Amino acid sequence: MKRLLLLIAVFAISTSAFAQIEAPVKWAYAAKRISPTEAVVFIRATIEPEWHIYSLNQKDGGPVKTSFTFPASKDYVLVGKASEPTPATKFEKAFGIDVSYFEKTVTFQQKIKLKTPGATVVKGSLEYMTCNDRKCLPPDDVDFSVPINAK
């Protein structure tokens, strides 16, 4: 009996050692000053083939939409909301609604107004959900920071 339990334990450990965490989306960040008092933060998702992420404007009742959170800062304020290119849209049976999504790559933008002329760092977090034709992964939260150089 002890041998059987030991064998089961060894099998379970060896099987889980080969399991891989799926991470089909990679994020990159950059910023560009467009004037002495304004900058644009770029948040780019590179998405593996057959996977997609959802629009900032995805309607409720479906997948988790991509969203960005920027905590208050003494160095800058947000100008408007984050923007995105035009997403693809299709009816998705799993959710029973039209969904708006991106494949391959997408770059989101957030304009900011700088309160000080020097360099600063824009910090924030994003939440997104990724799916393919067979499954969806749980929503993920990612923290980021983007340096903005002095002009």
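Starting afresh in each chain, residues are numbered from 1 along the sequence in its written order. For a predicted model such as this one, the threshold for reporting local features is a pLDDT of at least 70, and the threshold for listing and counting side-chain atom pairs is 80 or more; totals across whole chains, interfaces and linings nevertheless cover every residue. Only hydrogens and water are set aside; all other atoms, that is, all heavy atoms of the structure, feed into the side-chain values.

Moving on, we come to the environment of D60. Positionally, D60 belongs in the loop between β3 (52-54) and β4 (67-69). The classification of residues rests on relative accessible area computed with a 1.4 Å probe and restricted to protein chains. Under 20% of the type maximum is buried, over 50% is exposed, and intermediate values are partly exposed. Exposure remark for D60: the relative accessible area of 71% places this residue in the exposed category. D60 sits 39 residues away from V99 along the chain, and the two C-alpha atoms are 9.8 Å apart. Counting from the N terminus, the helices are DSSP H or I runs at least four residues long and the strands are E runs at least two residues long.

Before going further, it helps to examine the nonpolar core. As a rule of thumb, soluble globular proteins bury nonpolar side chains together. Here, nonpolar core means buried Ala, Val, Leu, Ile, Met, Phe, Trp, Tyr and Cys residues that are tied together by side-chain atoms lying within 4.5 Å of each other. Of all hydrophobic cores here, the largest spans 26 residues; its most connected members are W27, I43, I53, F68, F108 and L126. Among the secondary structure elements, those contributing two or more residues to this core are β1 (25-35), β2 (38-47), β8 (105-114), β9 (120-128) and β11 (140-148). Broken down by element, the residue count for this core peaks at 5 residues, all from β2. One finds Y54, V99, Y101 and C131 within the second-largest nonpolar core, a separate group that totals 5 residues.

A separate point is the packing of aromatic side chains. Here a pair means two rings of Phe, Tyr or Trp (six-membered ring of Trp) with centres within 6.5 Å. Their orientation is stacked below 30 degrees between planes, edge-to-face above 60, and tilted elsewhere. With the rule as written, the count across this model stands at 7 aromatic pairs. Seen in terms of ring centroids, Y29 and F144 are 5.1 Å apart; in terms of plane orientation they differ by 15 degrees. Their pairing is stacked. Note that Y29 is positioned in strand β1 and F144 in strand β11, a separation of 115 residues in sequence. F144 gets classed as buried once you look at its relative accessible area, which sits at 6%. Summarising the aromatic geometry, the rings of F102 and F108 are spaced 5.8 Å apart at their centres and angled 85 degrees between planes, so their arrangement reads as edge-to-face. Take F108: its relative accessible area is 0%, and that puts it in the buried class. An aromatic cluster is built from W27, F68, F102, F108 and Y128, whose rings are joined through pairwise contacts.

The next subject is the layout of surface pockets. In this structure, the largest pocket spans a volume of roughly 240 Å³. Taken together, 13 residues make up the lining of the largest pocket; nearest its centre are L56, N57, F68, K81 and A82. Mapped onto the lining of the largest pocket, the elements with two or more residues apiece are β4 and β5 (76-83). Here the element with the most residues in the lining of the largest pocket is β5; it accounts for 4 residues. Residue polarity is assigned by list, with Asp, Glu, Lys and Arg as charged and Ala, Val, Leu, Ile, Met, Phe, Trp, Tyr, Cys and Pro as nonpolar; anything else, Gly included, falls into the polar class. Here the residues of the lining of the largest pocket sort into 5 nonpolar, 5 polar and 3 charged. Every definition here rests on a 1 Å grid over the protein atoms only: cavities are sets of points where a 1.4 Å probe fits but cannot get out, pockets are open sets enclosed by protein on both sides within 12 Å along at least five of seven lines, and lining residues have some atom within 4 Å of a point. Grid points are joined across faces, edges and corners, and a volume is the space filled by probe spheres set on the points.

This part is about the sheet that holds strand β10 (residues 130-131). Paired strands, as defined in this entry, are two strands with at least two bridges between them according to DSSP. The strand order across the open sheet formed by 4 strands is β6-β7-β3-β10, and the pairing between neighbours is antiparallel. Looking at strand neighbours, the two that pair on one side only are β6 (88-92) and β10, the edges of this open sheet. Bridging between β3 and strand β7 (residues 97-102) involves 2 bridges; their strand directions are antiparallel. When the sheet's bridge partners are listed, Y54 is paired in β7 with Y101.

Let's shift gears to the environment of P24. One can find P24 in the loop between α1 (2-17) and β1. Considered as a pair, P24 and H52 are 28 residues apart in the sequence and their alpha carbons are 8.7 Å apart. Contacts are residue-level and defined by heavy atoms, with any inter-residue pair within 4.5 Å sufficient. Sequence-distant contacts of P24, defined by excluding residues within four places in its chain, comprise T46, I47, E48, W51, T130 and L137.

Let's shift gears to the side chain of N132. Note that N132 resides in the loop between β10 and β11. What makes N132 buried here is its relative accessible area of 8%. A polar atom in the side chain of N132 sits 2.7 Å from the backbone nitrogen of R134. A distance of 2.8 Å separates a polar side-chain atom of N132 from the backbone nitrogen of K135. The definition of a polar contact used here is a pair of N or O atoms within 3.5 Å, where within protein one atom must be able to donate a hydrogen and the other to accept one, and adjacent residues in sequence count solely through side-chain atom pairs.

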